[in-house]
Amino acid sequence: MRLLTHNLLASNVKGAKTGFPLKIHVFVQEEHETAFNKAFLLATLRKINWIAFREAADSLGVPNLPELPPDLDKCDDSMLRKYHHALMEVHVKEGYLICPDTGRRFPITKGIPNMLLNEDEVC
Amino acid sequence: VYEPAEDSFLLVDTLVAEWDARLANDPPRCALEVGSGTGYVIASAAVLMRDSGLDDFRCHATDVNPDAVACTRATADAHGVGDYVTVIQCDLLGPLRERLRGKVDLLLFNPPYVLTPSEEVAAGGIAAAWAGGKDGREVLDRLLPDVADVLAPGGTFLLLLLHDNKPHDVAEIL
C-alpha cells in the first residue's frame, strides 16, 4: 500500500465519524522505484489531502514534508521528486491501518489492505 | 478466483466499444471496478487509459476475496499498469466510498448475478463470485444506492446483468 492509496481510504466501520485519515502501523515497508511522471504527480498532489499525506509520511519515516500544501508551481524538481518518493515509492507491505474514531485495526498483507467489516460493524 | 469468462469478455468488449464510440473523446481519468476477480477488466481499462495518452489517471479495484485482490494486483503489474491501479480488499466501495464521492468517471461491475437462495450470498468462498440471491440482485442492490453519489458528473456505469436480474427494475432504481 502506497501513500497515494492511503489518502483515499476512509474507515467505514459503524461508529466512525469521518474515519479519515487512518493511522498506519508498519511491520514491513519497502521502497520500489517508480517512474517519475511530473504531470501525474502535479495533478495528484493537487487532489490529495496534504495533511493526511504528511502525517502518514511521517509515520513511515519520511519526515520533513511541508506542514501546509506547497505552492506546486514554485516547487523545483528535487522537491517534486521528494514528494514523488513519499507518495509512490514507499510501500507498506505488512502492518495495519487504524480507524481514528473507533480504533478498529485493518490488516495490510502483502501490500493490500483488508478493509472487510464483520456483520456487526456494518452501518 | 473467478476466471474471465464470456461475461468478463462481454464487459470488456462493451468497454472497448464505448471507448471507441464516445469515451476516447474525453477519456475517463478515474475508473473503479467492484469485484475485480482476476483483474482482467480493470487492467483492460487501465491499458485503454494509458494508451490514450492520459498521464493523469487512476484505477481502483476492490474484491472481498483475498486471492482475487492478489490476482488483480499481479494482473495489473503484468500489464505494466500496476502503478496506476489501487487494489483494496473490501466489500463493494468499502473505504473508497467517501473519498471518491463524485469522482468516478467509469464504474465497472460484473456482479454475482446467479439466482440462488439468499443464504448462499453470504456463504463466502468462491461462491461470492456468482451467488446473487433473490433475482440474482442481492449484492448489486447494495451497491445501487451509492452509484449516483460516487459517479462524477457525466460518469459511466458499465454493469453486467442477466435478463433474470430484472434489468428494467435496475434501470428504474438508477
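Since the model is a prediction, treat every value here as computed from it, not as a measurement.

A look at the packing of aromatic side chains
In this structure the tally under the stated criterion is 6 aromatic pairs over all chains. Ring centres of Phe27(A) and Tyr96(A) lie 5.6 Å apart, and the angle between their planes is 75°; on these two criteria the pair is classed as edge-to-face. In this pair, Phe27(A) is assigned in strand β1 (residues 23–31) and Tyr96(A) in strand β2 (residues 90–98), connecting sequence segments 69 residues apart. Ring geometry for Trp50(A) versus Tyr83(A): centroids 5.2 Å apart, planes at 85°, classification edge-to-face. Remark: Tyr83(A) occurs in helix α4 (residues 77–89) and Trp50(A) occurs in helix α3 (residues 50–59); sequence separation between them is 33 residues. As far as the burial class goes, Trp50(A) and Tyr83(A) line up, both buried. In this structure an aromatic cluster arises from ring pairing among Phe40(A), Phe57(B) and Tyr84(B). Over the face of the ring belonging to Phe36(A) we find Arg81(A), whose NZ or CZ atom lies 4.2 Å from the ring centre. Of note, Arg99(B) hangs over the ring of Phe20(A), and the distance from its end group to the ring centre comes to 4.2 Å.

Comments concerning the side chain of His6(A)
Tracing the chain through its elements places His6(A) in helix α1 (residues 3–6). Not counting residues within four places of it along the chain, the set of residues in contact with His6(A) comprises Met1(A), Phe20(A), Pro21(A), Leu22(A), Ile24(A), Ala52(A), Ala56(A) and Leu97(A).

Structural notes on a nonpolar patch on the surface
All names here are of chain B. There is a patch of nonpolar side chains on the surface, built from Val114, Ile126 and Trp130 and spanning about 240 Å² of accessible area. Looking at where Val114 falls in the secondary structure, it is placed in the loop between β4 (104–109) and α5 (138–150). By relative accessible area, Val114 is classed as partly exposed at 32%.

Focus on the nonpolar core
Among the nonpolar cores identified, the biggest contains 56 residues, and Leu45(A), Phe53(A), Leu97(A) and Leu107(B) are the most heavily contacted of them. Top contributing element to this core by residue count: α5(B), with 6 residues. The residues contacting Leu45(A), other than those within four sequence positions of it, are Trp50(A), Phe53(A), Leu72(A), Leu80(A), Tyr83(A) and Leu87(A). Of all hydrophobic cores here, the second largest spans 28 residues; its members include Ile112(A), Val12(B), Val41(B) and Tyr84(B).

With respect to the sheet that holds strand β5 (residues 151–159) of chain B
Residues and elements named next belong to chain B. What the 5 strands build is an open sheet, ordered β3-β2-β1-β4-β5; its pairing is parallel. Each edge of the open sheet is held by one strand with a lone partner, namely β3 (85–89) and β5. Strand-to-strand, the axes of this sheet are offset by a mean angle of 15°, without reference to chain direction. In this sheet, β3 lies alongside strand β2 (residues 58–63) in parallel orientation, the contact comprising 5 bridges. Among the inter-strand pairings, His60 is bridged to a residue of β3, identified as Thr86.

Calculation rules
- Residues numbered from 1 in each chain as written.
- Chains lettered and ligands numbered in written order.
- Predicted model: local features only at pLDDT ≥ 70, side-chain atom pairs only at ≥ 80, totals over all residues.
- Heavy atoms only, no water.
- Phe/Tyr/Trp six-rings, centres within 6.5 Å; stacked < 30°, edge-to-face > 60°.
- Helix = DSSP H or I, 4+ residues; strand = E, 2+ residues; numbered from the N terminus.
- Buried < 20%, exposed > 50% of the residue type's maximum accessible area, 1.4 Å probe, protein only.
- Lys NZ or Arg CZ within 6 Å of the ring centre and 35° of its normal.
- Contact = heavy atoms within 4.5 Å.
- Patch = residues over 30% accessible without salt bridge, like charges linked within 9 Å, V, L, I, M, F, W, Y side chains within 5 Å.
- Areas by Shrake-Rupley, 256 points an atom, 1.4 Å probe, with all protein chains shown as cover.
- Salt bridge = Lys/Arg side-chain N within 4 Å of Asp/Glu carboxyl O.
- Core = buried A, V, L, I, M, F, W, Y, C linked by side-chain atoms within 4.5 Å.
- Pairing = 2+ DSSP bridges.
- Axes fitted to C-alpha atoms, helices over the stretch in contact; angles between N-to-C directions.

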